[in-house]
There are 2 protein chains.
Amino acid sequence: MVLYTLPSLYDVEQAARLIADKVVETPVLTSQRLNGIATANLRGGGGGGGEGGEVKVELFFKCENVQKTGSFKFRGATHFLARLRDEELERGVVAFSTGNYAQAVAHAAQVAAFERGIRIPTSVVVPSNCGRRKVEAAESYGATVFRSGTKPLDRVDMAIRIVEETGAILVPPADDSDIVVGQATAVRELLLQVAGHRLDAVVVPSGGGGLLVGAIAVCKPLGVTVFAAEPELGGPGLAAAMQTGHLALRSLCLDGGSTPTIADGLQCLTGEANWEHIRGAGNVAQVFSVSEKQIKGTLRLVNSDEFVGAVEPSAAVGVAVVLFSSAFARWVVAQSKGVVRIGVVVTGGDFGVEELLILL
Amino acid sequence: MVLYTLPSLYDVEQAARLIADKVVETPVLTSQRLNGIATANLRGGGGGGGEGGEVKVELFFKCENVQKTGSFKFRGATHFLARLRDEELERGVVAFSTGNYAQAVAHAAQVAAFERGIRIPTSVVVPSNCGRRKVEAAESYGATVFRSGTKPLDRVDMAIRIVEETGAILVPPADDSDIVVGQATAVRELLLQVAGHRLDAVVVPSGGGGLLVGAIAVCKPLGVTVFAAEPELGGPGLAAAMQTGHLALRSLCLDGGSTPTIADGLQCLTGEANWEHIRGAGNVAQVFSVSEKQIKGTLRLVNSDEFVGAVEPSAAVGVAVVLFSSAFARWVVAQSKGVVRIGVVVTGGDFGVEELLILL
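Residues numbered from 1 in each chain as written. Chains lettered and ligands numbered in written order. Predicted model: local features only at pLDDT ≥ 70, side-chain atom pairs only at ≥ 80, totals over all residues. Heavy atoms only, no water.

Per an unreviewed UniProt entry, chain A carries the name Tryptophan synthase beta subunit-like PLP-dependent enzyme and comes from Clathrospora elynae. Quoted verbatim from the Sequence similarities (unreviewed entry) field of UniProt, the annotation for chain A is "Belongs to the serine/threonine dehydratase family." (UniProt positions renumbered as here; feature names shortened; annotations may be inferred.)

Below, the structure written as structure tokens:
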């Protein structure tokens, strides 16, 4: 069941123009150190690297961790709101989130209200165990924060109740074409910024699937391969779903009590419409899974002065793929090229002092 | 005594090309919230703002705080090294610094060594009271860290001794045309990135003066006004020097024991050659000084999720000018324009957990 057709590159261009003066053109980082680690990883992945083959990996990190409110989600929320009329926005907006998206929607609404000179009552629903820092950030942007139970469906229920009671508009997390093309502007921008170095593939972590579908919309017409990254446990389960052709409603996503992955931003279900695009032939070349150990190792590597801003665990999942995944290494070696150029979207930077403890 | 002529915009273009694949094209941030604060400040500065005049300030922050190693200084160091031959670099390089520049030179040398396939012995001299985090960062880039006394001249002495004993090359902090044009690439990049919005002026904080002279080189041919920012106490004393025409060798700069400003990165002497350019007619329109209270207030405002990465006290000095300086407000109002557009270079992001305490 396809709820909407795959957005076109032109749709993404239009979105980019619409939000150009509201989002940050985030930097693209290169690092010889990380190129070296990714290239060394090829030796474990099918004979590349040092062994005569001389394959090299060149990485281009799109640093959405320094986007406003600290994640690419600000792009989608900003675009969604930009497409609404004043009268619609004045009814208010609602979002549900474990934290990042609450901040993105709250600030996007604040900016839209300021720009249009209207009032936009903004409600965000977060789990009752949401960290104080995230709640305070959403409040600082003028949103009213509601606390639901800790299960994902608790948040959805409460958000829908607010919509029904107040007539406010729900800002969907991922499964919406306006959100998708807004998020896709990050991938478009990356390709423009590295125009001198044609990318062979782009790797994006996937939770709800909005950025992944956005990456397809941008990359497919240009012949750039799209890869998804997810945690082995606790993510949306895309790798298994691509095998079976069936997206399981896994209990660990609906449960919320247990947290098998530190990449909690990816601990959600892929949207139905997004899934139809993700499974579509020739859209996502492969889904790579990384272990908790690989994610933590990556977090230690990238949260350094050389890197740009902090990198959160969910964002480290995509980076972990290119540094440590043997399945990815096999793909690189199979390209039979001297240099394989990979873009990686570093999706978010919500990684504070308290979270550093998980690395100990 | 002019030790070198003012670099041309063409020199800066050449430098930008030389370091393009080694530095981050850092983002330009806009913020309606900060525009609002700067515009509100006009009311205290000569009758602008709300009072009929309807002058508005639009700010464009060039976020060098997310440059590699956390500051614009990486640009200058990278460019300086790029202009040396392999044989020169193999003799080794030396820098002295309170911290930021040590990291910049250490990483720039690491990158140059990797790229050229040579060894570059790198020594950095820091004060004995330099924080562990800064020392470890420099060491992580492969530099040998030497600790001098706490006075600025102690560092210089030790660095010169290393040069004399080992034949290594000193990477100057600011007073060198290769450093200046390297640092100037940040200002050039800013003007290109905001090309759609012609800037009326650029504000840069000044310590050694390299970035300020670089800003002159870029802005003067284009007719963009250049302003310097410094802390009222403990900075290079440019405001006073512009009045008297004479740069005093102030004891507080040479002493180092007392720390009258939290913007410690600006607590240094302006280079002699740089000073000749800074005082030159039509080069720097004005030097604005800000109080410690204004710097701290700015740090609280900009170290938020909306902003890109952390902002260090020295970088907050330039931002404080556009938000709070009444002298700056008077200049804006005197422009008699509807919208006055200002670029501000946010020079560095070395602001860790321990430093947050100074805001309490």
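Residue and element names in this part refer to chain A. Its 17 residues give helix H5 (residues 100-116) an end-to-end C-alpha distance of 24 Å, which sits within 8% of 24 Å, the value for a rise of 1.5 Å per residue. Across the 17 residues of H5, 13 count as buried, placing the element largely inside the fold. At the C-terminal side of H5, Gly117 shows a positive phi close to 65°. (Helix = DSSP H or I, 4+ residues; strand = E, 2+ residues; numbered from the N terminus. Expected span 1.5 Å × (residues − 1). Buried < 20%, exposed > 50% of the residue type's maximum accessible area, 1.4 Å probe, protein only.)

Here we take up the domain arrangement of chain A. Accessible area lost during the coming together of the parts is what is often quoted as the interface size. Residues and elements named next belong to chain A. When cut into domains, chain A gives domain 1 (9-70 + 177-359) and domain 2 (73-170). On a C-alpha basis, the centres of domain 1 and domain 2 stand 26 Å from each other. Taken together, the 31 residues of domain 1 in the interface contact 24 residues of domain 2. Of the roughly 2300 Å² buried between domain 1 and domain 2, counting both surfaces, carbon and sulfur atoms make up 54%. Interface area lost by domain 1 to domain 2 is led by Lys22, Thr69 and Asp178, which between them contribute 28%. Where domain 1 touches domain 2, the interface holds six salt bridges. Among the ionic pairs, Lys134 bridges to Asp350, the shortest N-O distance being 3.6 Å. (Domains from an automatic or database assignment. Contact = heavy atoms within 4.5 Å. Buried area = accessible area lost by both parts, 1.4 Å probe. Salt bridge = Lys/Arg side-chain N within 4 Å of Asp/Glu carboxyl O.)

Contacts between the two partners involve 26 residues from chain A and, on the opposite side, 26 residues from chain B. Summing both partners gives a buried area of about 2100 Å² for chain A against chain B, and 52% of it is carried by carbon and sulfur. Applying the counting rule to chain A against chain B returns zero salt bridges. Inspection of the chain A/chain B interface yields two residue pairs in polar contact (both at pLDDT 80 or more). The element that contributes the greatest number of residues to the side of chain A that touches chain B is H5(A), accounting for five residues. Of the residues contributing to the side of chain A that touches chain B, the split by class is eleven nonpolar, nine polar and six charged. (Polar contact = N/O pair within 3.5 Å; in protein donor to acceptor, adjacent residues only side chain to side chain. Nonpolar A, V, L, I, M, F, W, Y, C, P; charged D, E, K, R; others polar.)

Quick look at the relation of the copies chain A and chain B now. For the match of chain A to chain B, the screw axis carries a shift of 0.0 Å, the RMSD comes to 0.0 Å, and the turn is 180°. Each copy turns onto its partner about a two-fold axis. Interface overlap between copies is the fraction of interface residues in one copy that are interface residues in the other; for chain A against chain B it reaches 100%, indicating a shared surface. (Least-squares fit on C-alpha atoms with pLDDT ≥ 70 in both.)

Residue and element names in this part refer to chain B. Its location among the elements puts Arg83 in the loop between helix H3 (73-82) and helix H4 (86-90). C-alpha separation for the pair Arg83 and Val344, spaced 261 residues apart in sequence, amounts to 28 Å. Ignoring any residue separated from it by four or fewer positions in sequence, one finds Arg83 in contact with Leu18 and Asp178.

Once that is clear, we can look at the packing of aromatic side chains. For the structure shown, the criterion picks out ten aromatic pairs over all chains. Pairing A:Phe227 with A:Phe288 gives two aromatic rings, centres 4.9 Å apart and planes at 55°, and the pair type is tilted. With A:Phe227 in strand E8 (residues 225-231) and A:Phe288 in strand E9 (residues 286-290), this pair connects stretches of sequence that are 61 residues apart. Both residues of the pair, A:Phe227 and A:Phe288, count as buried. Centre to centre, the rings of B:Phe227 and B:Trp331 are 4.8 Å apart; their planes meet at 85°, and the pair counts as edge-to-face. Here B:Trp331 lies in helix H15 (residues 326-334) and B:Phe227 lies in strand E8 (residues 225-231), a separation of 104 residues in the sequence. Here B:Phe227 and B:Trp331 have matching classes, each one buried. These aromatic residues form a ring-pair network of at least three members: A:Phe227, A:Phe288, A:Phe328 and A:Trp331. (Phe/Tyr/Trp six-rings, centres within 6.5 Å; stacked < 30°, edge-to-face > 60°.)

Scanning the model with the defined rule gives 32 salt bridges over all chains in all. Between A:Lys22 and A:Glu115 there is a salt bridge whose closest N-O contact spans 3.5 Å. Here A:Lys22, found in the loop between helix H1 (9-19) and strand E1 (28-29), pairs with A:Glu115, found in helix H5; they are 93 residues apart in sequence, far enough to count as distant. Residue A:Lys22 is classed as buried on the basis of its relative accessible area of 14%. According to the relative accessible area criterion, A:Glu115 is partly exposed, its value standing at 39%. Note that B:Arg85 is salt-bridged to B:Glu87, the shortest N-O span being 3.1 Å.

Right, let's talk about the side chain of B:Ser148 for a bit. Residue and element names in this part refer to chain B. Among the structural elements, Ser148 can be located in strand E5 (residues 144-148). Take Ser148: its relative accessible area is 6%, and that puts it in the buried class. Apart from residues no more than four positions distant in its own chain, Ser148 is found in contact with Val125, Val126, Pro127, Ser128, Asp154, Arg155 and Met158.

This part is about the sheet that holds E8(A). What holds strands together in a sheet is hydrogen bonding between their backbones, with the strands either parallel or antiparallel. All names here are of chain A. Read from one edge of the open sheet, six strands run E1-E2-E10-E7-E8-E9, paired in mixed fashion. Looking at strand neighbours, the two that pair on one side only are E1 and E9, the edges of this open sheet. Helix H14 (residues 313-324) contacts strand E2 (56-63), strand E7 (201-205), E8, E9 and strand E10 (339-346) of the sheet and is inclined by roughly 170° relative to E10. (Pairing = 2+ DSSP bridges. Axes fitted to C-alpha atoms, helices over the stretch in contact; angles between N-to-C directions.)

Our next topic: unusual backbone geometry. All names here are of chain A. Even without a glycine there, the phi angle at Thr69 is positive, about 60°. Tracing the backbone shows Thr69 in the loop between E2 and helix H3 (73-82). Phi is positive for Ser336, which is not a glycine, with a value near 50°. Tracing the backbone through its elements, the reader meets Ser336 in the loop between helix H15 (326-334) and E10.

Right, let's get into the sheet that holds strand E6 (residues 169-170) of chain B. Residue and element names in this part refer to chain B. Spatial ordering of the open sheet is given by E5-E4-E3-E6, a layout of four strands whose pairing is parallel. Strands at the two margins of the open sheet, each flanked by one partner only, are E5 and E6. Taken strand by strand, helix H5 (residues 100-116) contacts strand E3 (93-96) and strand E4 (122-127), and its axis lies near 165° from that of E3. Packed on one face of the sheet, helix H7 (residues 152-166) meets E3, E4, E5 and E6 and runs near 160° to E4.

So, on to the pairing of E7(A). Residue and element names in this part refer to chain A. Taken across its five residues, E7 has five buried, putting it largely inside the fold. Strand direction decides the pairing type here: E7 and E8, joined by five bridges, are parallel. Along E8, the bridge assignment pairs Val202 with Val226. One crossover worth recording links E7 to the parallel E8 by way of helix H9 (residues 210-219), and it is right-handed. Sheet analysis places E7 next to E10, joined by three bridges and oriented parallel. Bridge pairing in E10 links Val203 to Val344. (Right-handed = clockwise from strand over helix to strand, strands pointing away.)

The next thing to look at is the packing of H3(A) against helix H8 (residues 177-193) of chain A. Residue and element names in this part refer to chain A. At a minimum axis distance of 7 Å, the contact between H3 and H8 shows a crossing angle of 130°. Relative to H8, the element H3 is oriented oblique. Two packed elements cross with a definite hand, and for H3 against H8 that hand is right-handed. Residues Lys73, Arg75, Gly76, Ala77, His79 and Phe80 of H3 lie in contact with H8, whose contacting residues are Asp178, Ile179, Val181, Gly182, Gln183, Thr185, Ala186 and Glu189. For the contact of H3 with H8, the residue count by class is five nonpolar, five polar and four charged. (Parallel < 35°, antiparallel > 145°, perpendicular 65-115°, else oblique. Left-handed = near helix turned anticlockwise from the far one by under 90°.)

Our focus in this paragraph is helix H1 (residues 9-19) of chain B. All names here are of chain B. All of the buried residues in H1 are Val12, Ala15, Ala16 and Ile19. Taken down its axis, H1 places every buried residue within 100° of arc, on the same side. Facing away from the buried side of H1, by more than 90 degrees, are the exposed residues Tyr10 and Arg17. For H1, the elements touching its buried residues are H3, helix H8 (177-193) and helix H9 (210-219). (Arc of directions from axis to C-beta.)

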